[in-house]
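A structural walkthrough
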Amino acid sequence: MSLEERLAELERRLDSMELAGDSNGRANVSVPPEGWALRPLREQFADERNGGVMFAGSGRLPSAEQYNWQIQFSTDDIVAYDWDDAAECLAALGSPVRLRILREIIRGSRTAAELTDLDEVGTSGQIYHHLRQLAATGWLHTVGRGRFEVPPNRVVPLLVALTTARR
């Protein structure tokens with residue numbers, strides 16, 4: 001597209017924004033009442049009185065592994081669940097060192113020896129302590145010969161947990 005064509009397109013878009021503007025010339029930007037994900041979600045939970053929650057993800061990690069995953073729960077199931085059971089699992093993610101270890105494993109560093117080369121993660125004994133805690137709560141498992149990985153069914157939930165923590 002030439003510079004003139006790009007400029008003409010920008011002017012057309014600006015004109016349409018000004019036409020839709022308020023009395024002060026500000027554009028009325030509104031979010032559609034129903035986002036692209038909400039309509040199918042509502043349809044999926046049409047039989048549930050209180051709706052539900054769905055998590056899904058598809059992507060390739062820096063380690064070149066591809067993950068596709070989804071899960072859904074009704075709101076009633078989530079509210080009825082014993083939330084105390086989630087505390088240990090969530091607490092395992094509450095340590096900056098454990099999060100750093102998980103990030104490095106997602107990126108492809110898979111052995112305790114590789115992790116000891118990182119700054120500020122502690123001694124090999126401390127690293128094994130963190131690895132055991134992450135494994136006990138399901139965020140890691142061993143795949144032989146001292147190699148660790150985030151289990152395939154936990155990759156997207158981990159990414160979702162980290163995404164919910166962003167501000």
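Right, let's walk through the structure included here.

**A closer look at the packing of helix H5 (residues 96–107) against helix H7 (residues 124–136)**
- Two numbers describe how H5 lies on H7: the axes approach to 10 Å, and their chain directions differ by 80°. As summarised for this structure, H5 and H7 are arranged roughly perpendicular, according to the angle between their axes. For the pair formed by H5 and H7, the contact residues are Val 97, Arg 98, Ile 101, Leu 102 and Ile 105 on the first element and His 130, Leu 131, Gln 133 and Leu 134 on the second.
- Residues belonging to the contact of H5 with H7 are distributed by class as follows: six nonpolar, two polar and one charged.

**Focus on the pattern of salt bridges**
- Taken as a whole and assessed by the stated rule, the structure comprises four salt bridges.
- Arg 107 is paired through a salt bridge with Glu 104; the nearest N and O atoms lie 3.4 Å apart. Residue Arg 107 and its partner Glu 104 are both found in helix H5; the two are separated by three residues, about one turn of the helix.
- Arg 107 sits in the partly exposed class, given a relative accessible area of 46%.
- A residue is classified by how much of its surface remains accessible, and Glu 104, at 10% relative accessible area, is buried.
- Between Arg 110 and Glu 149 there is a salt bridge, with its nearest N and O atoms 3.9 Å apart.

**Considering the layout of surface pockets**
- The calculated volume of the largest pocket comes to roughly 750 Å³.
- Forming the boundary of the largest pocket are 19 residues, of which Phe 55, Phe 73, Tyr 81, Ala 86 and Leu 90 lie nearest the centre.
- Looking at the lining of the largest pocket, the elements that each hand over two or more residues are strand S2 (66–74), helix H3 (75–80), helix H4 (84–92) and helix H8 (152–164).
- No other element matches the six residues that H8 contributes to the lining of the largest pocket.
- Its residues assigned to classes, the lining of the largest pocket shows 14 nonpolar, two polar and three charged.
- Contributing to the lining of the second largest pocket are Trp 36, Ala 37, Pro 40, Leu 41, Gln 44, Met 54 and Ala 56.
- Looking at the lining of the second largest pocket, the elements with two or more residues in it are helix H2 (38–44) and strand S1 (52–60).
- Among the elements that line the lining of the second largest pocket, the one with the most residues is H2, at three residues.

**Quick word on the nonpolar core**
- In terms of nonpolar packing, the biggest core is built from 22 residues, with Leu 102, Ile 105, Leu 131, Trp 139, Leu 140 and Val 150 touching the most fellow members.
- If you list the elements that add at least two residues to this core, you get H4, H5, helix H6 (112–116), H7 and H8.
- Among the elements that take part in this core, H5 stands out by supplying four residues, more than any other.
- Apart from residues lying up to four places away in sequence, Ile 105 is in contact with Arg 110, Leu 115, Leu 131, Leu 140, Phe 148, Glu 149 and Val 150.

Rules used throughout
Residues numbered from 1 in each chain as written. Predicted model: local features only at pLDDT ≥ 70, side-chain atom pairs only at ≥ 80, totals over all residues. Heavy atoms only, no water. Axes fitted to C-alpha atoms, helices over the stretch in contact; angles between N-to-C directions. Helix = DSSP H or I, 4+ residues; strand = E, 2+ residues; numbered from the N terminus. Parallel < 35°, antiparallel > 145°, perpendicular 65-115°, else oblique. Contact = heavy atoms within 4.5 Å. Nonpolar A, V, L, I, M, F, W, Y, C, P; charged D, E, K, R; others polar. Salt bridge = Lys/Arg side-chain N within 4 Å of Asp/Glu carboxyl O. Buried < 20%, exposed > 50% of the residue type's maximum accessible area, 1.4 Å probe, protein only. 1 Å grid on protein atoms, 1.4 Å probe; cavity = no way out; pocket = protein on both sides within 12 Å on 5 of 7 lines; lining within 4 Å. Points joined across faces, edges and corners; volume = space filled by probe spheres on them. Core = buried A, V, L, I, M, F, W, Y, C linked by side-chain atoms within 4.5 Å.

Treat this as a map of the structure, not an account of what it does.
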